[in-house]
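Observations on the model geometry
Take a look at the letters that make up each chain.
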Amino acid sequence: AASDVYKRQPIHLAIKKNNLEMTSFLTESGAHPIEPAPISDAELAAADLETGRIAAIGCSQCHIVEKGTAPSGQHNHGPPLIGIFGREIAAVEGFPYSSALADISGIWNVEELNRFITDPAGRIPGTNMELMPKLTDVERVALIAYLGGL
């Protein structure tokens, strides 16, 4: 909903600007990330990998999504997505993660990727990944299934 967009973006910007007072105010006022519906094992198994591959083209502007390639965009500053499933969050050696992402612990799995891809700046305010191509639910599930095979 439109109201969700207005609730999540200001907190991200406040954190990026290190405005702790505004961050606190927004949090207390109910700023929250957009929460996607969980993805079932059946949905993941039925996902069209070609749809996921096409969705990953948007990711390739900043991330490596195929072995032996480089990001295709001018903003090639994201960590590689090859082998992301099962990898610790913010764990690619030598990659300069934002402090917001570096402070998160956990493993990239279906649930974490689903939540992060749905709303990167809302899920982890202060992340450097501010933009995500707009995906339908079907495309997001297919992308996650595709990433699971990299």
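Residues numbered from 1 in each chain as written. Predicted model: local features only at pLDDT ≥ 70, side-chain atom pairs only at ≥ 80, totals over all residues. Heavy atoms only, no water.

**Regarding helix α4 (residues 49-59)**
Within the span of α4, buried status applies to G52, A55, A56 and C59. Buried residues along α4 cover an arc of 110° about the axis, so they all sit on one side. Packing partners of the buried residues in α4 comprise α8 (137-148). (Buried < 20%, exposed > 50% of the residue type's maximum accessible area, 1.4 Å probe, protein only. Helix = DSSP H or I, 4+ residues; strand = E, 2+ residues; numbered from the N terminus. Arc of directions from axis to C-beta. Contact = heavy atoms within 4.5 Å.)

**A word on the packing of aromatic side chains**
A full pass over the atoms with the stated rule returns two aromatic pairs. The interplanar angle of 65° and the centroid separation of 4.7 Å between the aromatic rings of F95 and Y97 together place this pair among those described as edge-to-face. Ring centres of W108 and F116 lie 5.4 Å apart, and the angle between their planes is 55°; this geometry places the pair in the tilted category. In terms of burial, W108 and F116 fall into one category: buried. (Phe/Tyr/Trp six-rings, centres within 6.5 Å; stacked < 30°, edge-to-face > 60°.)

**Brief notes about the nonpolar core**
Ranked by internal contacts, the top residues of the largest apolar core, which has 28 residues, are I117 and L143. Elements represented by at least two residues in this core include exactly α4, α5 (99-102), α6 (110-118) and α8. With seven residues, α8 is the largest single contributor of residues to this core. Residues within four places of I117 in sequence aside, it is in contact with M132, L135, R140, L143, I144 and L147. (Core = buried A, V, L, I, M, F, W, Y, C linked by side-chain atoms within 4.5 Å.)

**Quick look at the side chain of N114**
Here N114 shows up in helix α6. Overall, the relative accessible area of 3% leaves N114 in the buried class. Here R140 takes part through its side chain, which lies 2.6 Å from a polar atom of the side chain of N114. Excluding its chain neighbours within four sequence positions, the residues that come into contact with N114 are P36, A37, P38, I39, R140 and I144. (Polar contact = N/O pair within 3.5 Å; in protein donor to acceptor, adjacent residues only side chain to side chain.)

**A look at the pattern of salt bridges**
Enumeration over the complete set of coordinates arrives at five salt bridges. Across the pair E35 and R115 runs a salt bridge, and its minimum N-O distance is 3.3 Å. A residue pair is termed long-range when its members are at least 10 positions apart, and E35 in the loop between α2 (20-28) and α3 (41-46) and R115 in helix α6 qualify at 80 residues. Residue E35 is classed as partly exposed on the basis of its relative accessible area, which comes to 47%. In this structure, the salt-bridge partner of R115 is E112, at a minimum N-O distance of 3.9 Å. Of this pair, R115 and E112 both sit in helix α6, three residues apart, roughly one helical turn. Residue classification places E112 among the buried positions, given a relative accessible area of 15%. Salt bridges here are not isolated pairs; linked through shared partners, they connect E35, E112, R115 and R123. (Salt bridge = Lys/Arg side-chain N within 4 Å of Asp/Glu carboxyl O.)

**Quick notes on α8**
Look at α8: 17 Å from first C-alpha to last across twelve residues, which is about the 16 Å you get at 1.5 Å a residue. Residues of α8 that are buried include every one of R140, V141, A142, L143, I144, A145, Y146 and L147, and no others. Contacts from the buried residues of α8 go to α3, α4 and α6. (Expected span 1.5 Å × (residues − 1).)

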